[in-house]
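In case you want the letters, here they are:
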Amino acid sequence: MIEKWLGPVFRWVEFIGPNPFLQAVVIILAFLVLGKLVDWVTRAALDRVLIRWDSGGRLGGIGHRTVFRTIALLGLLIAAEVLPMTPLLTRLTTASVMSLLVLVWISATIRAGYLAVETTSRRPAPPAWARPATLPLLHNLLRIVMALVGAYLILLAWDVNVTGLVASAGIVGLALSFAAQDTLGNLFAGVARLID
């Protein structure tokens with residue numbers, strides 16, 4: 001699968017020599033160097049773009065670390081394709097690295113969303129949804145949504161058929177919403193009151 005997209009990289013690696021372990025080490029080192037270069041450029045760009053909005057530089061820090069980790073994990077993914085492993089071991093390695101990629105991006109999204117809502121709530125006239133009283137609700141909602149998205153993507157990375165799970169979750173959600181209709185109505189009324 002990866003060979004289709006990265007054919008030129010594999011042709012370039014063949015010039016290194018016939019030893020696949022040496023090729024894998026060179027790929028990992030090359031992607032670490034590339035990751036550091038992109039990290040440096042991303043850090044400078046994000047600091048300039050976010051200077052007015054993110055005074056502490058925390059959002060830019062999340063962004064450039066995430067980019068570096070993504071490039072490093074892509075290097076591991078390509079190196080795993082070069083190594084002579086059994087198809088099962090290759091599939092396990094690929095799924096593991098893809099799961100790590102999902103975790104990196106999900107955690108970065110949660111932290112960035114947390115900082116965005118917190119920064120918005122500190123403005124002189126924050127919008128109604130970003131008042132300090134609603135911050136815990138928004139943070140928990142973001143964590144729940146991103147945890148569900150992360151679980152779904154990790155299951156896809158491991159080739160788990162999620163069609164039945166999604167259909168079952170929809171049916172369970174519908175049944176729970178009918179069963180807890182009054183409770184959910186009170187919850188949404190409370191949230192609306194809190195925002196107002």
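Coordinates for the structure precede this section.
Residues numbered from 1 in each chain as written. Predicted model: local features only at pLDDT ≥ 70, side-chain atom pairs only at ≥ 80, totals over all residues. Heavy atoms only, no water.

Draft legend 1. View of the pattern of salt bridges. Following the criterion strictly, the structure yields three salt bridges and no others. A salt bridge links D39 to K36; its shortest N-O distance comes to 3.6 Å. In this pair, D39 and K36 both sit in helix α3 (residues 20–49), three residues apart, roughly one turn of the helix. Note on D39: relative accessible area 5%, which makes it buried. As a salt-bridge pair, R122 and E118 come within 2.7 Å of each other at their nearest N and O atoms. (Salt bridge = Lys/Arg side-chain N within 4 Å of Asp/Glu carboxyl O. Helix = DSSP H or I, 4+ residues; strand = E, 2+ residues; numbered from the N terminus. Buried < 20%, exposed > 50% of the residue type's maximum accessible area, 1.4 Å probe, protein only.)

Draft legend 2. Representation of the packing of α3 against helix α4 (residues 58–82) within the structure. For the pair α3 and α4, interaxial distance at closest approach is 8 Å and the crossing angle is 165 degrees. Viewed along their axes, α3 and α4 adopt a mutual orientation that is roughly antiparallel. Crossing hand, α3 versus α4: right-handed. Residue classes in the contact of α3 with α4 are distributed as 18 nonpolar, seven polar and four charged. (Axes fitted to C-alpha atoms, helices over the stretch in contact; angles between N-to-C directions. Parallel < 35°, antiparallel > 145°, perpendicular 65-115°, else oblique. Left-handed = near helix turned anticlockwise from the far one by under 90°. Nonpolar A, V, L, I, M, F, W, Y, C, P; charged D, E, K, R; others polar.)

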